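Observations on chain architecture
Each chain, written out:
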Amino acid sequence: MTRKHRRLLIVLACGAGLSTATALALGAFRSTIVFFMTPADIAEQHPPVGRTIRLGGMVEAGSLRRTTEDGQPVATFKVTDGRDAIDVSYTGILPDLFREGQGVVAMGELRPDHVFVADEVLAKHDEKYMPKDVAEALKKRGYWRHGQESQPVDLSAAPTETSAR
Amino acid sequence: MDAGTLATTPRSGRGLHRFANPGRFLRLASRVQPFLTWPGLALLLIGLYAGLFIAPPDYQQHDAMRIMYVHVPAAILAETGYWALAAASLVSLVWRHPLADLAAKEIGPVGAGCALLCLASGSLWGKPMWGAWWVWDARLTSVLVLFFLYIGHILVIRAFDDPERGYRAAAILALIGAIDLPIIKYSVVWWNTLHQPASLTLTGSPTIAWPMLWPLLLCIVGASLCFGAVVTARLRAAVMERRIATLLRAQAEQAG
Amino acid sequence: MTHLPYIAGAYGLFALVASWLGLDARLRLHRTERRLRAVDPRARERATDFRAQDRAQDRA
């Protein structure tokens, strides 16, 4: 065995060890790395009332109500993952991309009455890009996922994070 | 040993070591250079222009999606650049190839620039679209780690009085850091993140409509060629700098 | 154009970083070529005819 071979073996062995260690560590910290919990996760894990968590999912079509309270805009809507749904209430200005049928991530806490009070709402965009006329043509031809206001069906084989559930 | 021949009179070799010969590398690189620089610049400029003025706005993001013509090439090159850096580091560690040492040294700053652009342009997109400049989700965090890996590599490879020790230490750092590359790529698949999954994949058809896609493809190809052109130019300069240093040392020894 | 400041920021930053990297590489290359020609007399003759040089290399 030449020195080059020995060096290559050492590097490969270190690489294998490091990859295994990283995979184990990432597996162990899975719940911390995950950016948000879905309504189904919350239904399964019952996070304690009052703990700050992030809730992610789709804004259920037809669930958005906008009111004002002491001059501040208040929005209430349902966040769903197709299985469970949670009522969310948010005081403040919603981001540009916030729509019914679009993904959102809300940070806040669950009240005892199972309403999620959000301090911050982020819009989650999907990976699809198309011009307005294409989107309208798709809508007209009925290629729009049922029950969701502004979510086109898959244009391709690539699954979206929500349809995978 | 093949190391140390870099500055001496070139001699022909076999396989990889043909290109360890600095004279041959310089001639090959100076011939390849114009084919990287000019098509790269042309494609990149056309792509960026088309992205700004010809591509139609997105049905939801409107014009903010134009940021992707900067963001996507920068992200691809930050990641591919690190693959190249890791490959050069492996060759440097195992085969002690002198050109690989210099390649690792010269790729670092260019890749770091791409990673910085990726983070900054992503942030400029995130504010109007998500509603936040920055979130600590798995994708954004792993790309930030990539940027720090580049910075660490740049510092370590220049930190030693004996350059050989710097090359070894930096190569080890680069190879350890390579574990971040699959994490970046699959972060949007393994964990739920705020960042959307990939629109361009090797296996599926793209989820970007054609009128928006072609400028992006031009930008990606153009930016990749430009990346290659910059690294080639830096590497040529580095090889020549090394030869100058050796010649000056030899002259000083003759004189003394 | 909507979101103009953000788009301008992203493109501007891109232009800044890309032109800095490009110009730095170009200037460094030219400077080094000049210095090499000053130090190494053979470099002057080698400037052209790459094929002949490669053939000479392979014979050597």
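The structure displayed is predicted, hence computed values, not measured ones. (Residues numbered from 1 in each chain as written. Chains lettered and ligands numbered in written order. Predicted model: local features only at pLDDT ≥ 70, side-chain atom pairs only at ≥ 80, totals over all residues. Heavy atoms only, no water.)

On to the overall build of chain B. Across its full length, chain B carries seven helices and zero strands. When its helices and strands are written in sequence order, chain B yields α-α-α-α-α-α-α. Each principal axis of the C-alpha distribution contributes one length, and for chain B these read about 75 × 35 × 30 Å. Split into buried and exposed, the 256 residues of chain B put 58% on the buried side. Carbon and sulfur atoms provide 71% of the accessible area of chain B, an area that totals close to 10,400 Å². Within chain B, one finds 20 positive and 13 negative side-chain charges whose respective centroids are separated by 9 Å. (Helix = DSSP H or I, 4+ residues; strand = E, 2+ residues; numbered from the N terminus. Buried < 20%, exposed > 50% of the residue type's maximum accessible area, 1.4 Å probe, protein only. Areas by Shrake-Rupley, 256 points an atom, 1.4 Å probe, with all protein chains shown as cover. Lys, Arg positive; Asp, Glu negative; His and termini not counted. Charge placed at Lys NZ, Arg CZ, Asp CG, Glu CD.)

Before going further, it helps to spend a moment on the layout of surface pockets. Quantified by volume, the second largest pocket comes out at close to 840 Å³. If you trace the second largest pocket, you find 35 residues lining it, with B:T37, B:L41, B:C226, B:V230 and C:G22 closest to the centre. Counting only elements with at least two residues in the lining of the second largest pocket, the list comes to α1 (22-53), α2 (68-95), α3 (98-129) and α7 (210-255) of chain B together with α1 (4-39) of chain C. The residue makeup of the lining of the second largest pocket, split by class, is 27 nonpolar, six polar and two charged. (1 Å grid on protein atoms, 1.4 Å probe; cavity = no way out; pocket = protein on both sides within 12 Å on 5 of 7 lines; lining within 4 Å. Points joined across faces, edges and corners; volume = space filled by probe spheres on them. Nonpolar A, V, L, I, M, F, W, Y, C, P; charged D, E, K, R; others polar.)

All right, on to the pairing of strand β4 (residues 85-91) of chain A then. All names here are of chain A. Where strand β3 (residues 72-80) meets β4, seven bridges bridge the pair, whose relative direction is antiparallel. Of the residues in β4, the one forming a bridge with V79 is I86. Hairpin connection from β3 to β4: four residues lie between these consecutive antiparallel strands, with G82 at a positive phi of about 95 degrees. In this structure, β4 lies alongside strand β6 (residues 115-124), joined through four bridges in parallel fashion. Looking at β6, one finds that Y90 is bridged to A118. (Pairing = 2+ DSSP bridges.)

Next up on the list: the interface of chain B and chain C. Many analyses report the size of an interface as the accessible area lost when the parts associate. Each side of the interface is counted separately: chain B has 48 residues, and chain C has 32 residues. Across the chain B to chain C interface the summed buried area is about 3,800 Å²; carbon plus sulfur atoms make up 67%. In this structure, the connection of chain B to chain C is made through four salt bridges. Put simply, chain B and chain C have five residue pairs in polar contact (both at pLDDT 80 or more) between them. Only α1, α2, α3 and α7 of chain B provide two or more residues apiece to the side of chain B that touches chain C. The element best represented in the side of chain B that touches chain C is α7(B), accounting for 13 residues. (Contact = heavy atoms within 4.5 Å. Buried area = accessible area lost by both parts, 1.4 Å probe. Salt bridge = Lys/Arg side-chain N within 4 Å of Asp/Glu carboxyl O. Polar contact = N/O pair within 3.5 Å; in protein donor to acceptor, adjacent residues only side chain to side chain.)

Let us now look at the interface of chain A and chain B. Listed by partner, the interface residues are 41 residues for chain A and 47 residues for chain B. Note on chain A versus chain B: buried area summed over both sides is about 3,800 Å², and carbon and sulfur give 62% of it. The interface formed by chain A and chain B includes zero salt bridges. Where chain A meets chain B, there are 16 residue pairs in polar contact (both at pLDDT 80 or more). In terms of residue count, helix α1 (residues 3-28) of chain A provides more of the side of chain A that touches chain B than any other element does, nine residues in total.

All names here are of chain B. In contact at an axis separation of 8 Å, helix α4 (residues 138-157) and helix α6 (residues 180-190) are set at 160 degrees when each is read in the N-to-C sense. Between α4 and α6, the crossing angle belongs to the class labelled roughly antiparallel. Between α4 and α6 lies a crossing whose hand is left-handed. When α4 is examined against α6, the residues A138, R139, S142, V143, V145, L146 and L149 are found in contact with a partner set consisting of D180, L181, I183, I184, K185, S187 and V188. Across the contact of α4 with α6, the residue classes tally to nine nonpolar, two polar and three charged. (Axes fitted to C-alpha atoms, helices over the stretch in contact; angles between N-to-C directions. Parallel < 35°, antiparallel > 145°, perpendicular 65-115°, else oblique. Left-handed = near helix turned anticlockwise from the far one by under 90°.)

Turning to a positive patch on the surface, a few remarks are in order. Where like charges cluster on the molecular surface, the positive patch consists of C:R31, C:R34, C:R35 and C:R37. The class of C:R31 is partly exposed, set by a relative accessible area of 46%. (Patch = residues over 30% accessible without salt bridge, like charges linked within 9 Å, V, L, I, M, F, W, Y side chains within 5 Å.)

Before going further, it helps to examine the domain arrangement of chain A. The assigned domain composition of chain A is domain 1 (1-33) and domain 2 (35-124). Its C-alpha centre places domain 1 of chain A at a distance of 40 Å from the equivalent point of domain 2 of chain A. (Domains from an automatic or database assignment.)

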